[in-house]
Amino acid sequence: RERAQGTGGDCPLKKSVVRWIYGGAAGASLVGLGDAVYLTVQHLTGQSVRCTIVRGCSAVLASRYAVIGGIPTAAYGAVAYFLVFSLAVLILFGGEREAGRLRLAFCLLASLMAAATLWFLYLQTFVLRAFCSICLLSASATLLIVLLSLLGWRAGTNEPGCPERREPSGSA
């Protein structure tokens with residue numbers, strides 16, 4: 001008897017679920033990457049970002065929290081989103097042997113991103129008292145990635161979800 005392993009083993013349903021999870025995470029990371037690159041370019045070129053949903057983008061993006069160590073905060077986000085995308089693609093198309101380590105790295109990175117997102121949401125809410133809709137899009141992408149990473153971790157384990165393979169009746 002074999003159990004499904006890695007990214008789904010021999011269980012077609014489990015493989016399909018894992019594909020949807022990490023495909024969704026790759027898509028969410030591309031949204032976040034586009035958002036972060038846009039904010040980084042706007043910051044580096046000195047252009048202002050126009051908010052259409054909420055007011056406060058200028059206050060948030062001009063705050064002292066918009067730069068860390070002389071580098072736009074969004075640039076760190078762009079790197080993180082690129083890494084999430086890369087890990088998701090490696091999980092989807094990489095070998096079964098490395099799937100567990102890749103899922104662990106994916107979950108750890110998603111957790112770090114979630115912590116940063118919660119910190120920036122705290123700053124916008126209680127310190128700056130201003131919101132940036134583009135930043136909120138990034139926060140949404142990160143929270144989706146975190147949710148998918150938890151689902152992906154669960155789907156990639158040998159927990160119930162893919163029954164054991166059974167030999168046909170009458171086989172020795």
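Owing to the predicted nature of the structure, the values given are computational and were not obtained by experimental measurement.

Right, let's talk about the nonpolar core for a bit. In terms of nonpolar packing, the biggest core is built from 26 residues, with Tyr22, Tyr81, Val84, Phe106, Met113 and Ile145 touching the most fellow members. In terms of residues, this core owes the most to one element, helix H1 (residues 12–45), which gives eight residues. In contact with Val84, not counting residues within four places along its chain, are Ala25, Ser29, Phe106, Leu109, Met113 and Ile145. In terms of nonpolar packing, the next biggest core, distinct from the first, is built from nine residues, Val49, Cys57, Ala130 and Cys135 among them.

On to unusual backbone geometry. Non-glycine residue Arg129 carries a positive phi angle of around 50°. The topology assignment puts Arg129 in the loop between helix H4 (99–128) and helix H5 (133–155). On the basis of relative accessible area, Arg129 is assigned to the exposed category, the value being 69%.

Below, the discussion takes up the layout of surface pockets. Of the pockets and cavities examined, the largest pocket occupies roughly 820 Å³. Lining the largest pocket are 39 residues, and of these Leu39, Thr73, Ala74, Phe120 and Cys135 lie nearest its centre. The set of elements that each furnish at least two residues to the lining of the largest pocket consists of H1, helix H2 (57–61), helix H3 (73–93), H4 and H5. Among the elements that take part in the lining of the largest pocket, H4 stands out by supplying 10 residues, more than any other. Classifying every residue of the lining of the largest pocket by side-chain character gives 25 nonpolar, 13 polar and one charged.

A rise of 1.5 Å per residue sets the reference length of H4, with its 30 residues, at 44 Å; its end C-alpha atoms lie 41 Å apart and thus fit the reference within 8%. If you check which residues of H4 are buried, you get Ala99, Leu102, Arg103, Phe106, Cys107, Leu109, Ala110, Met113, Ala114, Thr117, Leu123 and Gln124. Positive backbone phi, approximately 50°, marks Arg129, located one or two places after H4.

What follows covers a nonpolar patch on the surface. On the surface, a cluster of nonpolar side chains totalling about 430 Å² of accessible area is made up of Trp119, Tyr122, Phe126 and Val127. Relative to the elements of secondary structure, Trp119 occurs in helix H4. The exposure class assigned to Trp119 is partly exposed, which follows from its relative accessible area of 46%.

Okay, the environment of Ile145 next. Within the element layout of this structure, Ile145 appears in helix H5. Considering only alpha carbons, one finds Ile145 and Ala114, 31 residues apart in sequence, at a separation of 8.8 Å. Setting aside residues no more than four positions away along its own chain, Ile145 makes contact with Ala25, Ala28, Ser29, Tyr81, Val84, Phe106 and Ala110.

We now examine the confidence of the model for the chain. Across the chain, pLDDT averages 87, with 84% of residues at or above 70. The low-confidence segment residues 1–6, where pLDDT is below 50, has 21 contacts with residues more than four positions distant or belonging to other chains. Predicted confidence for residues 158–167 stays below pLDDT 50, and this span has 19 contacts to residues more than four positions away or in other chains.

Let us now look at the pattern of salt bridges. Within the structure shown, the criterion is met by one salt bridge. Its salt-bridge partner being Glu98, residue Arg101 comes within 3.2 Å of it at the nearest N-O pair.

Next up on the list: the packing of H4 against H5. For the pair H4 and H5, the least separation of the axes is 9 Å and the interaxial angle reads 145°. Handedness of the H4/H5 crossing: left-handed. The segment H4 lies against H5, with Gly100, Arg103, Leu104, Phe106, Cys107, Ala110, Met113, Ala114, Thr117, Leu121 and Gln124 engaging Cys135, Leu136, Ala139, Thr142, Ile145, Val146, Ser149, Gly152 and Trp153. Of the residues belonging to the contact of H4 with H5, the class tally is 13 nonpolar, six polar and one charged.

Criteria and thresholds
Residues numbered from 1 in each chain as written. Predicted model: local features only at pLDDT ≥ 70, side-chain atom pairs only at ≥ 80, totals over all residues. Heavy atoms only, no water. Core = buried A, V, L, I, M, F, W, Y, C linked by side-chain atoms within 4.5 Å. Buried < 20%, exposed > 50% of the residue type's maximum accessible area, 1.4 Å probe, protein only. Helix = DSSP H or I, 4+ residues; strand = E, 2+ residues; numbered from the N terminus. Contact = heavy atoms within 4.5 Å. 1 Å grid on protein atoms, 1.4 Å probe; cavity = no way out; pocket = protein on both sides within 12 Å on 5 of 7 lines; lining within 4 Å. Points joined across faces, edges and corners; volume = space filled by probe spheres on them. Nonpolar A, V, L, I, M, F, W, Y, C, P; charged D, E, K, R; others polar. Expected span 1.5 Å × (residues − 1). Patch = residues over 30% accessible without salt bridge, like charges linked within 9 Å, V, L, I, M, F, W, Y side chains within 5 Å. Areas by Shrake-Rupley, 256 points an atom, 1.4 Å probe, with all protein chains shown as cover. Salt bridge = Lys/Arg side-chain N within 4 Å of Asp/Glu carboxyl O. pLDDT = per-residue confidence, 0-100. Axes fitted to C-alpha atoms, helices over the stretch in contact; angles between N-to-C directions. Left-handed = near helix turned anticlockwise from the far one by under 90°.

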